[in-house]
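# Notes for the structure review
For reference, the chains in residue letters:
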Amino acid sequence: NQAFCKTVGYSKAEVLGRNCRFLQGDRSETAAVQGLVDSLRTGQPTQVELTNYKQDGTLFRNLVSLQPVHDSNGVYRYCIGILADAE
């Protein structure tokens, strides 16, 4: 959405369909990134604070929340991710 694009400095066309890993860099916290990976693999909710990078290379702190979505049979199918500016 437009708020995400404003936060990260990329246009909608540049981010659409991409995994948010492209925002990570040298100072992105390994443990926080691993927490996101683990959450996606196990279907468990999580929330981490993470250092990412804007298009111009500027660091920014953000809060990433992941919430699993299950179908009517209780099977984990998708994950909703929300990124918020933590500064």
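In every chain, residue numbers begin from 1 and rise along the written sequence. At least 70 in pLDDT is required for a residue's local features to be given in this predicted model, at least 80 for side-chain atom pairs to be given and counted, and no such filter applies to totals for whole chains, interfaces and linings, which use all residues. Just so you know, side-chain values use all the structure's heavy atoms and leave hydrogens and water out.

## Some points on the overall build of the protein chain
The helix and strand inventory of the protein chain stands at three helices and three strands. Helix and strand definitions here come from DSSP, where helices need a minimum of 4 consecutive H or I residues and strands a minimum of 2 consecutive E residues; each element is numbered from the N-terminal end. If you list the helices and strands of the protein chain from N to C, you get α-α-α-β-β-β. Relative accessibility decides the category of a residue: with a 1.4 Å probe and only protein chains considered, values under 20% of the type maximum give buried, values over 50% give exposed, and everything between is partly exposed. Across the 87 residues in the protein chain, those meeting the buried criterion constitute 28%. Counting every atom, the protein chain has about 6,000 Å² of accessible surface; 50% of that belongs to carbon and sulfur. Side-chain charges of the protein chain comprise 9 positive and 9 negative groups, with the mean position of each set lying 5 Å from the other. Method for areas: the Shrake-Rupley scheme with a 1.4 Å probe, in which residue coverage is limited to the protein chains shown. Charged residues are defined here as Lys and Arg on the positive side and Asp and Glu on the negative side; His and the ends of the chain fall outside this count. A charge is said to be at NZ when it belongs to Lys, at CZ for Arg, at CG for Asp and at CD for Glu.

## What about the packing of aromatic side chains?
Think of it this way: a Phe, Tyr or Trp ring, Trp meaning its six-membered ring, pairs with another when their centres are within 6.5 Å, and the plane angle makes it stacked under 30 degrees, edge-to-face over 60, tilted otherwise. This structure, assessed with the given rule, holds one aromatic pair. Where Y10 meets F22, the ring centres are 5.0 Å apart and the plane angle is 90 degrees; that geometry is what we call edge-to-face. One end of the pair, Y10, is in the loop between α1 (2–8) and α2 (12–15); the other, F22, is in the loop between α2 and α3 (30–42), with 12 residues separating them in the sequence. In this structure, Y10 and F22 share a single accessibility class: buried.

## Topic: the sheet that holds strand β1 (residues 46–53)
The rule for pairing is simple: two strands pair if DSSP sees at least two bridges between them. The strand order across the open sheet formed by three strands is β1-β2-β3, and the pairing between neighbours is antiparallel. Across the chains shown, the open sheet's two edge strands, defined by having one partner strand only, are β1 and β3 (76–85). Here the average twist between neighbouring strands, direction ignored, is 30 degrees. Taken together, the eight bridges between β1 and strand β2 (residues 59–70) define a ladder with antiparallel strand orientation. Across the sheet, the residue bridging to E49 is L63, located in β2. In what follows, residue pairs with any heavy atoms lying within 4.5 Å of each other are defined as contacts. Where helices are involved, their axes are fitted lines through C-alpha atoms of the stretch in contact, as for all axes, and angles between N-to-C directions lie from 0 to 180°. Its contacts with the sheet put α3 on β1, β2 and β3, and the angle it makes with β1 is roughly 130 degrees.

## Focus: the nonpolar core
Working definition of a nonpolar core: buried Ala, Val, Leu, Ile, Met, Phe, Trp, Tyr and Cys residues. They are joined through side-chain atoms within 4.5 Å. By size, the foremost hydrophobic cluster in this structure holds eight residues: F4, C5, V8, Y10, V15, F22, L23 and F60. Filtering out sequence-adjacent residues up to four positions away, V15 remains in contact with F4, C5, Y10 and F22. The next biggest cluster of nonpolar side chains, apart from the first, holds seven residues, and it includes V33, L36, V48 and L66.

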